[in-house]
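Survey of secondary and tertiary structure
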Amino acid sequence: MTDTVTVRYTCPHCGAVVSLERRPDLADRSVTMAPQPGWEYATPDEDVESADGIAFRCGDDSVTDLEGNEIDGCGRPFYLNFVRFERGVELEPNPPTYGGPRFDFRP
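Here the structure is a predicted model, which is why all the values come from computation and not from measurement.

Notes on the overall build of the protein
Looking only at helices and strands, the protein has 0 helices and 10 strands in total. Secondary structure of the protein in N-to-C order comes out as β-β-β-β-β-β-β-β-β-β. When each of the 107 residues of the protein is scored for burial, the buried share is 31%. Partitioning the contacts of the protein with sequence separation of at least 6, the portion at a separation of at least 24 is 52%. Accessible surface for the protein amounts to roughly 6,900 Å². Of this, 50% is attributable to carbon and sulfur atoms.

Set out below in structure tokens:
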């Protein structure tokens, strides 16, 4: 049996928190309001290891506020994007739509 960890993701629409049990070696890139073009997404109950990320719908599963109190969630979709590699080279989203902070220092 593979060890798993509980990872928490915050809905970018309403701030609700979704918890997910998964392998600790999956590398997260970002959480976005829209899917990355050309990326394949699994639902949380599917085989997430073979996907490019996970498609959530806020409130489909148990969600909490930041303090851990159960709430309903907003019902909108959001996406966890994994780091992707091709031939050992990390792929950038094309086009980069995640809109979060950038750490590559490119304009």
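That covers the picture; the talk isn't over yet.
Digging into the packing of aromatic side chains
Evaluation of the coordinates by the stated rule reveals 3 aromatic pairs. Each member of the aromatic cluster is reached from another via a ring pair, and the members are Y9, F56 and F78.

Points about the pattern of salt bridges
The tally for this structure, following the rule as stated, stands at 2 salt bridges. Between R22 and D28 there is a salt bridge whose closest N-O contact spans 2.5 Å. For R23, the salt bridge identified is with E49, shortest N-O distance 3.5 Å. With R23 in the loop between β2 (17–22) and β3 (28–32) and E49 in the loop between β4 (41–42) and β5 (53–57), this pair connects stretches of sequence that are 26 residues apart. A relative accessible area of 23% means that R23 is categorised as partly exposed.

Considerations on the nonpolar core
Among the nonpolar cores identified, the biggest contains 17 residues, and Y9, I54, F56, F78 and L80 are the most heavily contacted of them. Elements represented by at least two residues in this core include exactly β1 (5–10), β2, β5 and β8 (77–82).

Notes on the sheet that holds strand β6 (residues 63–64)
An order of β1-β2-β6-β7 is seen for the 4 strands of this open sheet, with the pairing classed as antiparallel. Only two strands of the sheet have a single partner each, and these edge strands are β1 and β7 (70–71). In this structure, β6 lies alongside β7, joined through 2 bridges in antiparallel fashion. Within the sheet, the bridge partner assigned to V63 lies in β7 and is I71.

Quick word on a negative patch on the surface
A cluster of like negative charges, contributed by D45, E46, D47, D60 and D61, occupies part of the molecular surface. For D61, the location among the structural elements is in the loop between β5 and β6. The exposure class of D61 is partly exposed, given its relative accessible area of 46%.

Notes on the sheet that holds β5
The strand order across the open sheet built from 4 strands is β3-β8-β5-β4, with neighbouring strands paired in mixed fashion. The open sheet has two edge strands with one neighbour each: β3 and β4. Here β5 pairs with β8 via 5 bridges, running antiparallel. Along β8, the bridge assignment pairs A55 with Y79.

Conventions adopted
- Residues numbered from 1 in each chain as written.
- Predicted model: local features only at pLDDT ≥ 70, side-chain atom pairs only at ≥ 80, totals over all residues.
- Heavy atoms only, no water.
- Helix = DSSP H or I, 4+ residues; strand = E, 2+ residues; numbered from the N terminus.
- Buried < 20%, exposed > 50% of the residue type's maximum accessible area, 1.4 Å probe, protein only.
- Contact = heavy atoms within 4.5 Å.
- Areas by Shrake-Rupley, 256 points an atom, 1.4 Å probe, with all protein chains shown as cover.
- Phe/Tyr/Trp six-rings, centres within 6.5 Å; stacked < 30°, edge-to-face > 60°.
- Salt bridge = Lys/Arg side-chain N within 4 Å of Asp/Glu carboxyl O.
- Core = buried A, V, L, I, M, F, W, Y, C linked by side-chain atoms within 4.5 Å.
- Pairing = 2+ DSSP bridges.
- Patch = residues over 30% accessible without salt bridge, like charges linked within 9 Å, V, L, I, M, F, W, Y side chains within 5 Å.
- Lys, Arg positive; Asp, Glu negative; His and termini not counted.
- Charge placed at Lys NZ, Arg CZ, Asp CG, Glu CD.

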